[in-house]
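Examination of the molecular architecture
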Amino acid sequence: MVESIVAFLKALSAFFASIGVDPTHFIAGLAGAFVRAIVQNKKLTWELLSHVVVGALCATYLTPLIVLYVGIAATPGLAFGVGLIGMYMAEGVLKLAHRWAANPKLPKQTSAGDLLDIIKSDEKPNQ
């Protein structure tokens, strides 16, 4: 049993390496996304599993961009954190895209706080 898991992980790592993706980012992001799923205390559903996959994919592809932009060394801890908040990041990007599609104009100056305000202002309370 353990040998087959190890063989699977080696094959998965080889696949990621062949497409130019660091497998450490995917595994750490997957772990972070699983932690988010566990903390939510929800039953295991396809929706929850899709959130885990989105978190892992965000960690896989966004960790190198964050490292490049911020200028820090890539660590599995960073990928874990991106995986943990990956679904929230994806939801935020989709909200920004929907809002921009409704009113396509470019801001003159923006900051991370402005983006957070835009995302929050788009949320409507459940009625």
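Please read all numbers here as calculations on a predicted model, not as lab measurements.

Each value, and the rule that gives it
Residues numbered from 1 in each chain as written. Predicted model: local features only at pLDDT ≥ 70, side-chain atom pairs only at ≥ 80, totals over all residues. Heavy atoms only, no water. 1 Å grid on protein atoms, 1.4 Å probe; cavity = no way out; pocket = protein on both sides within 12 Å on 5 of 7 lines; lining within 4 Å. Points joined across faces, edges and corners; volume = space filled by probe spheres on them. Helix = DSSP H or I, 4+ residues; strand = E, 2+ residues; numbered from the N terminus. Nonpolar A, V, L, I, M, F, W, Y, C, P; charged D, E, K, R; others polar. Expected span 1.5 Å × (residues − 1). Buried < 20%, exposed > 50% of the residue type's maximum accessible area, 1.4 Å probe, protein only. Polar contact = N/O pair within 3.5 Å; in protein donor to acceptor, adjacent residues only side chain to side chain.

1. Concerning empty space enclosed by the protein
By the definition in use, this model includes one cavity of 30 Å³ or more. Here the largest cavity is characterised by a volume of approximately 40 Å³. Contributing to the lining of the largest cavity are A33, R36, A37, L48, H51, V52, G55, G83, L84, G86 and M87. Among the secondary structure elements, those contributing two or more residues to the lining of the largest cavity are α2 (23-39), α3 (46-70) and α4 (76-102). Residues of the lining of the largest cavity, tallied by class, amount to six nonpolar, four polar and one charged.

2. Brief notes about α2
In this model, α2 (17 residues) spans 24 Å end to end at C-alpha, consistent with the 24 Å of a helix rising 1.5 Å per residue. Looking only at α2, the buried set comprises P23, H25, F26, A28, G29, G32, A33, R36 and A37. Structurally, the start of α2 carries an N-cap: the backbone nitrogen of T24 is 3.0 Å from a side-chain oxygen of D22. Just beyond α2, the residue with positive phi is N41, at close to 55°.

Scope: geometric values only; no functional claims are made or implied.
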